[in-house]
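Observations on the model geometry
Listed below are the residues making up each chain.
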Amino acid sequence: MTAIKHALQRDIFTPNDERLLSIVNVCKAGKKKKNCFLCATVTTERPVQVKVVKVKKSDKGDFYKRQMAWELRDLTEVDAKDANKENPEFDLHFEKVYRWVASSTAEKNSFICCIWKLNQRYLRKKVEFVNVSAQLLEESVPSSENQSVAGGDEDALDDYQELNTREEQDIEGMMEVCEYAISNAEAFAEKLSKELQVLDGANIQSIMASEKQVNILMQLLDEALTEVDTIEGKLSSYEEMLQSVKDQMDQISQSNRLIQISNSNNDKLLDEIQFLVNHMDLSRGHIRALQEGDLSSPKGIEACINASEALLQCMSVALRPGHDKLAAVKQQQMLFCELRDAFARRLTNHLNNVFVHQFNHFSHFKMTIPQFYRSSCLSLPGHDQSSTLSQHTADLTLPKHSPLHRDLLRYAKLMEWLKNTQREKYDGLSRTYVDYMSRLYEREIKDFFEGAKIKMAGTTKEPKGKFATLPRKENALKQETESLHGSSGKLTGSTSSLNKLAVQGSSSRRSQSSSLLDMGNMSASDLDVADRTKFDKIFEQVLSELEPLCLAEQDFIIKFFKLQQQVPLAQAEVDDTDGGTSSRPPANEHRHSISSERDMVRFMMNKIFQSIETELNSLIALGDKMDSFHSLYMLVKMSHHVWTAENVDPASYLSTTLGNVLVTVKRNFDKCIQGQIRAMEEVKISKKSKVGILAFVTSFEEFAELAETIFRNAERRGDLDKAYSKLIRAVFFNVEKVANESQKTPRDVVMMENFHHIFSTLSRLKISCLESERREAKHKYTEHLQAYVITSLGQPLEKLNHFFEGVEARVAQGVREEEVSYQLAFSKQELRKVIKEYPGKEVKKGLDNLYKKVDKHLCEEESLLQVVWHSMQDEFIRQYKHFEGLIGRCYPGSGITMDFTIQDMLEYFSSIAQSH
């Protein structure tokens, strides 16, 4: 390999000014073995270019030729295939992947090490090495004791310096002068050494000859030193003069500094005085407004607001160190505390009187109001004494409190001031407001729901007998509805009167006790669409009235009591006894304030509207008792209002309350579904009459039609789909159960008719979630139709059927078809005897009896008689062809045929169907 390397260096790389560093004998993987050499080379000129060259031995001689070359910078990856085992294969990734197999693993490793060194030195580790042993790369690092051939050549390359043009010309000139420069190199070198010594001696003599010039230079230096000493003396005298001036300037500077300190102190004192005067001085107008300001007129309220804000700013000012020790500051702080306490008491008393007056105004109570407040009572535009709660109840609307809110909102900024200065009085006012408004809203909401219940109880029309005995007097209706709700929101008290109504209303439909709709004391099958639509409108009106009422009240509470708002950055807390100091609330209290204020909003709303959830649950219970299907309407309406409320404010009282009530509605809906399933399971059929379409199948159709109308584009469609799944499974199961228990009607008839009805219903309504059940119903209907046809057709040709069944049994046992006629029981004579028993008239008579029997089995609702009769015709023809085929195969050449043809059968079926 060394000889090859020297030959390649001499013949190929030296002419191109390249140096060969490493070589490996390789052949291409997976192809015919054609050896070549991969060489790692560098150029001798700067900048150095590193290449991988492929060299191939010529076929027509013992010389090598350069076949292909790649720049090392184009190499992206070297894959050694296996880092743990010896493997001569390796890949080089240039513009494409080149796969090679080395003649030995050692050569491959040596070549990869050389590539790694070149990558480290010239390419800054650009090439990626895969499946290469780390130990191999560590060993390839050059050391002083062990240098590979490639490594040595590479390091030697750094020491090589090329001669420039001038050096080359000088050397050529010396060699031309000396004739033996090439033949005797030692003599030439000795000659050059002697000439160098002569030149060194000449240089020394030249230096010694210049001594005179050196002496002249030293004399000049001495003169320069003398001049320097003279200049230094002058500089010293100047320095003494400047020192005297410096002392005088220091004295002047000290005097100026004392003057500046005095002026600075005076400016600071003036700033402190101006700060105290600007921030702790309250104007006489503000003091008069706080002490005597009119809290009834708009101008007086505005003046009080400005004065309270100015007072808060004075009390909230951050005093600088030492200010609290000044007597004037302490006196001013005491004045502020007195003004704050006096104005807080006056404001609290006035707002308490406003709350009492407004409550009495809306409640229409006559109370004696102090004379000073009578003259300043607030007017409510649009609300006169003639607008009573009874009128609102008759119209099923809730009184609006927007005038009250509008007038009270004028005091919102004063409430914010009270909240920041006197928290106890602020909390007392909030409790007073909640107490009065809770009593007012409780009375209004109670009357509102009483009216809604009265309207709901009157939804059913009297001619139907459902509520024929419903009392007409208002007090009777009130007593009836009051029995449906208690303090806990559940059904309490006596419900005997409603039970009596239900008994009278349902007596006419007692035979339909298995209906899905007979879930409560009142059968929903007697309620028409108009009644349910009226109930839906009433329930929607109730929710539509409650929603703006709650939102308006919550919005007022937030604005009036300044809740869910940022707390002021500074809040003065002044001690009443010694004047106190101002302080800021801790940062953690400030972060916690927003969440605590939201909790306060929820608490106030819960106290004010504590009866809403109870009344809603009572109203829902009444609607569910009147008709269990009302839960469908309520679920859709309640879900929509919950969704709307959550979009407005997910944390609002309305959203939370309606969400809780929605849970109750959902439970009632689930109870309705479970009650229908339970009614299916408890259904009983008559043993003496035919079954027909089961009542719960018809009821499921009614439920589905109603539900699809109600839940169109509803948010809670998923709940209905789940209910559909439960109901349809129960319907399928109980249809099969009834079919198995049926004695009068064949099982296949019950299954066929009911599943046909279910399939028709689902196809008409196109309920997407029940598509698989629709296909299943169609399959069961088709399956049992075929089974019933096959079972029924065995009766008109019973002996013929038995005969050919015996023939098929013999063939199945291994008897050849043409040998069946030799069996005694199945001879030709026996076949003729059986065929004679079924002449055309007998067959027609049997089919006529079969038609009458099928007519008795089937019900009129589904109109399946002609469908079944046509299927029987097709089956009869199929059996006829089957019998003819058996006769032709088992009795060949006998000439035996049936006494009637297919055309005769078609005439029989047609005439029988037309005659009936």
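Procedures and definitions
- Residues numbered from 1 in each chain as written.
- Predicted model: local features only at pLDDT ≥ 70, side-chain atom pairs only at ≥ 80, totals over all residues.
- Heavy atoms only, no water.
- Helix = DSSP H or I, 4+ residues; strand = E, 2+ residues; numbered from the N terminus.
- Buried < 20%, exposed > 50% of the residue type's maximum accessible area, 1.4 Å probe, protein only.
- Contact = heavy atoms within 4.5 Å.
- Areas by Shrake-Rupley, 256 points an atom, 1.4 Å probe, with all protein chains shown as cover.
- Patch = residues over 30% accessible without salt bridge, like charges linked within 9 Å, V, L, I, M, F, W, Y side chains within 5 Å.
- Salt bridge = Lys/Arg side-chain N within 4 Å of Asp/Glu carboxyl O.
- Core = buried A, V, L, I, M, F, W, Y, C linked by side-chain atoms within 4.5 Å.
- Expected span 1.5 Å × (residues − 1).
- Axes fitted to C-alpha atoms, helices over the stretch in contact; angles between N-to-C directions.
- Parallel < 35°, antiparallel > 145°, perpendicular 65-115°, else oblique.
- Left-handed = near helix turned anticlockwise from the far one by under 90°.
- Nonpolar A, V, L, I, M, F, W, Y, C, P; charged D, E, K, R; others polar.
- Phe/Tyr/Trp six-rings, centres within 6.5 Å; stacked < 30°, edge-to-face > 60°.
- Pairing = 2+ DSSP bridges.
- pLDDT = per-residue confidence, 0-100.

As for the overall build of the protein chain
The secondary structure content of the protein chain amounts to 31 helices and eight strands. Counting the 916 residues in the protein chain, one finds 42% classified as buried. Intrachain contacts of the protein chain at a sequence separation of at least 6 include 70% that bridge at least 24 residues. Surface accessibility of the protein chain: about 51,200 Å² in total, with carbon and sulfur atoms responsible for 51%.

A word on a nonpolar patch on the surface
On the surface, Val214, Ile216, Leu217, Met218, Leu220 and Leu221 cluster together into a nonpolar patch covering about 560 Å² of accessible area. Within the secondary structure, Met218 sits in helix α7 (residues 211-279).

Quick word on the nonpolar core
A general tendency of soluble globular proteins is for nonpolar side chains to be buried together. Core analysis: the biggest nonpolar cluster contains 177 residues, and Val868 and Met872 have the highest contact counts within it. Looking at this core, the element that brings in the most residues is helix α15 (residues 423-457), giving 13 residues. The contact partners of Val868, leaving out residues within four places of it in the chain, are Met752, Leu785, Tyr788, Val789, Val854 and Leu858. Judged by nonpolar contacts, the second largest core, of 33 residues, contains Leu38, Ile112, Ile115 and Leu123.

Description of helix α2 (residues 105-122)
Taking 1.5 Å as the rise per residue, α2 with 18 residues should run 26 Å; its terminal C-alpha atoms sit 26 Å apart, in good agreement. Among the residues of α2, those classed as buried are Thr105, Glu107, Lys108, Phe111, Ile112, Cys113, Cys114, Ile115, Trp116, Lys117, Leu118 and Asn119. At the C-terminal side of α2, Arg124 shows a positive phi close to 55°.

As for the environment of Val130
Looking at where Val130 falls in the secondary structure, it is placed in strand β8 (residues 128-130). Here Val130 falls in the partly exposed class, since its relative accessible area comes to 22%. Through-space distance from the C-alpha of Val130 to that of Asp91 is 9.6 Å; in sequence the pair is 39 residues apart. Not counting chain neighbours up to four residues away, the residues in contact with Val130 comprise Glu77, Val78, Asp79, Ala80 and Lys81.

Details of the packing of helix α27 (residues 798-813) against helix α30 (residues 865-890)
Relative orientation of the contacting elements α27 and α30 amounts to 50°, with a least axis distance of 11 Å. The angle between the axes of α27 and α30 places the two elements in the oblique class. Judged by the twist between their axes, the crossing of α27 over α30 is left-handed. Contacts between α27 and α30 involve Leu800, Asn801, Phe804, Val807 and Glu808 from the first element and Gln879, His882, Phe883, Leu886, Ile887 and Cys890 from the second. Looking at the contact of α27 with α30 residue by residue, the classes come out as seven nonpolar, three polar and one charged.

A word on the packing of aromatic side chains
Inspection of the entire model under this criterion finds 26 aromatic pairs. Between Phe355 and Phe560, the ring centres sit 6.4 Å apart and the planes meet at 70°, which makes this aromatic pair edge-to-face. Of this pair, Phe355 sits in helix α10 (residues 327-363) while Phe560 sits in helix α18 (residues 529-560), and the two are 205 residues apart along the sequence. The residues Phe355 and Phe560 share a single accessibility class, namely buried. Ring centres 5.6 Å apart and planes at 45° place the aromatic pair Tyr433 and Phe556 in the tilted group. With Tyr433 in helix α15 and Phe556 in helix α18, the pair connects residues that are 123 residues apart, well separated along the chain.

Some details on the pairing of strand β3 (residues 50-57)
In terms of burial, β3 is largely enclosed, as six of its eight residues are buried. In the sheet, strand β2 (residues 36-43) pairs with β3 via six bridges, with the strands oriented antiparallel. In the sheet register, Ala40 faces β3, and the bridge partner there is Val52. Taken together, β2 and the strand that follows it, β3, pair antiparallel across an intervening segment of six residues. Where β3 lies against strand β4 (residues 64-71), seven bridges are found, and the strand directions are antiparallel. Residue pairing for β4: Lys51 is matched across the bridge by Glu71.

Quick look at the pairing of strand β7 (residues 97-102)
Regular strands have side chains that alternate between both faces of the sheet. Strand direction decides the pairing type here: strand β1 (residues 18-28) and β7, joined by three bridges, are antiparallel. Following the sheet pairing, Cys27 is matched in β7 by Val101. Where strand β6 (residues 89-93) and β7 come together, five bridges link them in antiparallel fashion. Across the sheet, residue Leu92 finds its bridge partner in β7, namely Tyr98. Joining the antiparallel neighbours β6 and β7 is a turn of three residues.

Details of the sheet that holds strand β5 (residues 77-79)
In spatial order, the strands read β4-β3-β2-β1-β7-β6-β5-β8; together these eight strands make up an open sheet with mixed pairing. Sheet topology places β4 and β8 at the edges, where each strand pairs with a single neighbour. Averaged over all pairs of adjacent strands, the angle between their axes in this sheet comes to 30°, without regard to strand direction. Here helix α1 (residues 2-13) sits on the sheet in contact with β1, β2, β3 and β4, set at roughly 115° to β1. Here α2 sits on the sheet in contact with β1, β2, β3, β5, β6, β7 and β8, set at roughly 135° to β1.

Quick look at the confidence of the model for the protein chain
Atom-level detail of predicted coordinates should not be read off regions where pLDDT is low. Taken residue by residue, the protein chain gives an average pLDDT of 77. The fraction at 70 or more is 81%. Looking across the protein chain, the model is least confident in helix α17 (residues 496-506), with a mean pLDDT of 31, and most confident in β2, with 91. Counting interchain partners and residues more than four positions distant, the pLDDT-below-50 stretch residues 460-527 has 114 contacts.

Some words on the packing of helix α21 (residues 630-648) against helix α23 (residues 695-710)
Across the interface, α21 lies against α23 with an axial gap of 10 Å and an inter-helix angle of 20°. Considered as vectors, α21 and α23 are oriented roughly parallel to each other. The crossing of α21 and α23 is right-handed. Taking contact as the criterion, the partners of Leu632, Tyr633 and Val636 in α21 are, on α23, Phe703, Leu706, Ala707 and Ile710. Residue composition of the contact of α21 with α23, grouped by class: seven nonpolar, no polar and no charged.

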